[in-house]
Amino acid sequence: MANLEYRYGPMNSGKSMLLLQMAYNYEENDKKILLVKSVVDTKGGDYLVSRIGPKRKIEIKLDKNESLLSDKYVNMLEDKDAILVDEAQFLTKTQVEDLWFIAKTKNISVICFGLKTNFKSEFFEGSKRLFELADKTKELETICRCGKKARFNARMVDGKFIFDGDELLIDGENKKVKYLPLCSKCYLNKVFLPNRK
């Protein structure tokens, strides 16, 4: 049986870049892959984009009510060696369970990349289920502005840290929104305590 893996980290920890590198390595070794992302991730449109430049066309943009096991997609799984999923935190619980089922019954490696928690330091639906089902998890690291290991994703709107609002607000399409990776101490002092009610 193949594994379901989750490689997670805060913003700017190189998740998309690592996925692109992994896709390249699979194909250099004559392996067939399927690149997937949720339609919730509107950044890049039909492309998986890295913040440092490289991009690649996505084969499947999965809607919230769609399944990779549906008639629409199931034939695309044939002869695949791996499924690589970007922004996997946006998947639904059922979609993560489908990926687990695919790894275990179709012997296709599934490697997901995404965030662990949102800007409120709470699990996304997809990341929570991935932590529950994944055979392997691997934390990807980056640093906070203070130089310590970043663990949290902070949302800034108009240059101010905020702690309330909709879970989904994609940066890039809204120029007033920016996300920063912060260490525990900086997140506590700059985001959590000033906004605690």
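Residues numbered from 1 in each chain as written. Predicted model: local features only at pLDDT ≥ 70, side-chain atom pairs only at ≥ 80, totals over all residues. Heavy atoms only, no water.

(A) Representation of the sheet that holds strand β10 (residues 160-162). In spatial order, the strands read β10-β9-β11; together these three strands make up an open sheet with antiparallel pairing. What marks the edges here is a single partner per strand, and that holds for β10 and β11 (177-182). Taken pair by pair, the neighbouring strands of this sheet meet at an average axis angle of 45 degrees, ignoring direction. (Pairing = 2+ DSSP bridges. Helix = DSSP H or I, 4+ residues; strand = E, 2+ residues; numbered from the N terminus. Axes fitted to C-alpha atoms, helices over the stretch in contact; angles between N-to-C directions.)

(B) Molecular detail of the packing of helix α2 (residues 93-106) against helix α3 (residues 125-133). In the contact formed by α2 and α3, the axes pass within 8 Å of each other and the chain directions differ by 35 degrees. Classified by chirality, the crossing of α3 by α2 is right-handed. Mapping the contact onto sequence places Lys-93, Val-96, Glu-97 and Trp-100 in α2 and Glu-125, Gly-126, Arg-129, Leu-130 and Leu-133 in α3. Residue composition of the contact of α2 with α3, by class: four nonpolar, one polar and four charged. (Left-handed = near helix turned anticlockwise from the far one by under 90°. Contact = heavy atoms within 4.5 Å. Nonpolar A, V, L, I, M, F, W, Y, C, P; charged D, E, K, R; others polar.)

(C) Quick look at the packing of aromatic side chains. By the definition in use, this model includes seven aromatic pairs. Ring centres of Phe-123 and Phe-131 lie 5.8 Å apart, and the angle between their planes is 50 degrees; this geometry places the pair in the tilted category. The class for Phe-123 is partly exposed, based on a relative accessible area of 39%. Taken together, the ring pairs in this structure connect Tyr-6, Tyr-8, Phe-123 and Phe-131 into an aromatic cluster. Over the face of the ring belonging to Phe-119 we find Arg-155, whose NZ or CZ atom lies 3.7 Å from the ring centre. (Phe/Tyr/Trp six-rings, centres within 6.5 Å; stacked < 30°, edge-to-face > 60°. Buried < 20%, exposed > 50% of the residue type's maximum accessible area, 1.4 Å probe, protein only. Lys NZ or Arg CZ within 6 Å of the ring centre and 35° of its normal.)

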